[in-house]
Structures are given as structure tokens and as C-alpha cells.
Amino acid sequence: MQLGIASRAEAKGVAGCLTLLQCWIYDQFPTLRPSWLEPRELEQGQAGAFRWRGTAPRSSKKRDAQMLAYYRQAIDSLTPQSVCWTPYGQRPHQTVRRTLYQGLLRFAEIAEYYDPTRCLRQLGYVQGVSYPPERLLVVRRPASTLGYSLSYQSVYDSYWNNLGAHSVHLDLFSTPIRRRPWEFAEDYMTWYIRHSHPQILSDSRPVHDISDADTVSTIIF
């Protein structure tokens, strides 16, 4: 939800655990890591975020502006080869069965819908068009605020405890990846371009040297 709010033009910040978001980016998109930041070996019991613990160059308004422009360009320049498609192993659902759960993830008053058909390549399967989103009871998005609220049917609360009935059967939905980890179904890209925003900038040009990230480094912790 916070990423959705922050993407609006009038937003000036973002809430939530940004350390978690940064670490997720470094795991999935190695070319977006600053070159001074190398993954560390984790000690017993340490959280995964400690792999990316480091000290960045001092921030400044000029550096932050450069950083924003650089990373917008770098994201638009990503290629299939520069993405880690299976950061959790080839078949994570075989060891963690709830990976295939389809329904609400709830914490206190916050609920987010989770659908593994949107990230089939992370599970070792060919990406196709995902299931339609669940129908909402109420959507509130006042014009006077950036926030919004969603209301789901109460029946969704029972999905988590009925895993067998609310899991995706991968072999019926897709096929295992045979050649390249970024494989997708024939109709997928047409659907994706129609429903998403493939580029951040309208005039994106390739970034030739990712080491330029040294001059526009992010601050970790």
C-alpha cells in the first residue's frame, strides 16, 4: 500500500520498513547494488538484512538528486540477464508449502492480497497471465488525502487455515521452466504492457556503466 501511495506525484515520502525493501532489491537485482556494497556471510540467527550491512558515502541534496536520476535510468535499463529470478532456490514451494497460498496476508488492521501466480518465475515456472484480483467490498480514496482504504469480504480471513483449498496448483496453471529463468507465456507481455508501466522515463537510454552507482550511493541502516 505504501509503495502505491508513494508513486503518486503529490507524495513526498514513504512509510514502512525501507531497509527490508532495499535488501529485497539487492537480492533480486544485483546490478542495482552500489559497487562498494558486497554481500556478507550471515552468522547463526542473524536476519537476512545483515548480508547488506555497510556504510555509504555521506548524503547531500546534490548527491540525492543524482541518485534519483541515476536509478530511474538504471531500472529502465534492466535486462533479463541482470535479474536474479530464483533468489529462494529453484523450487521454494517444495520446502515451504505456504508459498503457494493464495489469499489475504493480514497483520492487525492491515491486509494485503498475495497471489503466487504473479511471480511464477520465482517458483521455477513459466510466467503467464495471473488470476484476476479478488473482488473488494469497498474502496475509499478521498481526493483530499494520499491514502486509501480497502475492505475485503470477511470470508477471506479463513483462507489461511484452509491451505489445501486456497493454494495454486502450479502444474495445472503453468509449466516448469526448461531453458531461461525469465521465460513467459506467449500472451504474457501483451497483457503486462497493457496493465503496467514498463518504463519510468519516457526517453530512457541505456546505462553503460553500473559502477557509476559509486557517486549516487544509497545509505543502508
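Quick notes on the rules
- Residues numbered from 1 in each chain as written.
- Predicted model: local features only at pLDDT ≥ 70, side-chain atom pairs only at ≥ 80, totals over all residues.
- Heavy atoms only, no water.
- Helix = DSSP H or I, 4+ residues; strand = E, 2+ residues; numbered from the N terminus.
- Contact = heavy atoms within 4.5 Å.
- Areas by Shrake-Rupley, 256 points an atom, 1.4 Å probe, with all protein chains shown as cover.
- Phe/Tyr/Trp six-rings, centres within 6.5 Å; stacked < 30°, edge-to-face > 60°.
- Buried < 20%, exposed > 50% of the residue type's maximum accessible area, 1.4 Å probe, protein only.
- Salt bridge = Lys/Arg side-chain N within 4 Å of Asp/Glu carboxyl O.
- Core = buried A, V, L, I, M, F, W, Y, C linked by side-chain atoms within 4.5 Å.
- Lys, Arg positive; Asp, Glu negative; His and termini not counted.
- Polar contact = N/O pair within 3.5 Å; in protein donor to acceptor, adjacent residues only side chain to side chain.
- Patch = residues over 30% accessible without salt bridge, like charges linked within 9 Å, V, L, I, M, F, W, Y side chains within 5 Å.
- pLDDT = per-residue confidence, 0-100.
- Expected span 1.5 Å × (residues − 1).

Asks: Looking at this structure, I do not really get the overall build of the protein chain. What am I missing?
Replies: Along its length, the protein chain carries 6 helices and 4 strands. Helices and strands appear in the protein chain in the N-to-C order α-α-α-α-β-β-β-β-α-α. The long-range share in the protein chain, meaning contacts at least 24 apart out of those at least 6 apart in sequence, stands at 68%. Approximately 15,000 Å² of the protein chain is accessible, and the part contributed by carbon and sulfur atoms is 54%.

Asks: What exactly am I supposed to notice about the packing of aromatic side chains here?
Replies: Aromatic ring pairs: the centre-centre distance and the angle between the two ring planes describe each pair. Enumeration over the complete set of coordinates arrives at 6 aromatic pairs. Seen in terms of ring centroids, tryptophan 24 and phenylalanine 29 are 5.8 Å apart; in terms of plane orientation they differ by 70 degrees. Their pairing is edge-to-face. Look at phenylalanine 29 and you get buried, because its relative accessible area is 18%. With a centroid separation of 5.9 Å and 35 degrees between ring planes, the pair formed by tyrosine 188 and tryptophan 191 is classed as tilted. Residue tyrosine 188 and its partner tryptophan 191 are located together in helix α6 (residues 188-195), separated by 3 residues, close to a single helical turn. According to the relative accessible area criterion, tyrosine 188 is buried, its value standing at 7%.

Asks: Is there a simple way to think about the pattern of salt bridges in this case?
Replies: Side chains that carry opposite charge are capable of pairing whenever their charged atoms lie near each other. Taken as a whole and judged by the stated rule, the model has 2 salt bridges. Two residues, arginine 51 and aspartate 27, come together in a salt bridge whose shortest N-O distance is 2.6 Å. Taken together, the residues arginine 51 in the loop between α2 (18-28) and α3 (61-76) and aspartate 27 in helix α2 connect sequence positions 24 residues apart. Owing to a relative accessible area of 25%, arginine 51 belongs among the partly exposed residues under this scheme. In this structure aspartate 27 comes out as partly exposed when scored by relative accessible area, which is 28%. Here aspartate 115 and arginine 118 are joined by a salt bridge, their closest N and O atoms 4.0 Å apart. Look at aspartate 115 and you get buried, because its relative accessible area is 4%. Judged by its relative accessible area of 46%, arginine 118 falls in the partly exposed class.

Asks: So what exactly am I meant to see when it comes to the nonpolar core here?
Replies: Note on soluble globular proteins: their nonpolar side chains tend to be buried together. Core analysis: the biggest nonpolar cluster contains 9 residues, these being Phe29, Leu32, Met67, Tyr70, Tyr71, Ala74, Val83, Trp85 and Trp182. Ranked by size, the runner-up nonpolar core spans 6 residues in total, among them Leu100, Leu120, Tyr125 and Val168.

Asks: Help me understand the side chain of arginine 121 in this model?
Replies: Looking at the element boundaries, arginine 121 is found in the loop between β2 (110-114) and β3 (138-140). Look at arginine 121: it is buried, it has no salt bridge, and the nearest opposite charge is glutamate 183 at 9.6 Å. There is a polar contact of 3.2 Å between the side chain of arginine 121 and the backbone oxygen of tryptophan 182.

Asks: Looking at this structure, I do not really get a nonpolar patch on the surface. What am I missing?
Replies: A contiguous nonpolar surface patch, about 240 Å² in accessible area, is contributed by Leu3, Val14 and Leu18. With respect to the helices and strands, valine 14 occurs in the loop between α1 (2-6) and α2.

Asks: What am I meant to see in the confidence of the model for the protein chain here?
Replies: Low pLDDT means the predicted coordinates in that region are not meant to be read closely. Residue-level pLDDT values for the protein chain average 78, and 80% of them are 70 or greater. Averaged pLDDT values over the elements of the protein chain bottom out at 65 in β3 and peak at 88 in α6. Predicted confidence is poor over residues 206-221, with pLDDT under 50, and the contacts of this stretch with residues over four places away or in other chains come to 52 contacts.

Asks: What am I meant to see in α3 here?
Replies: For α3, built from 16 residues, the straight-helix expectation of 22 Å at 1.5 Å per residue is met to within 8% by its first-to-last C-alpha distance of 23 Å. Residues Met67, Tyr70, Tyr71, Gln73, Ala74 and Asp76 constitute the buried set of α3.

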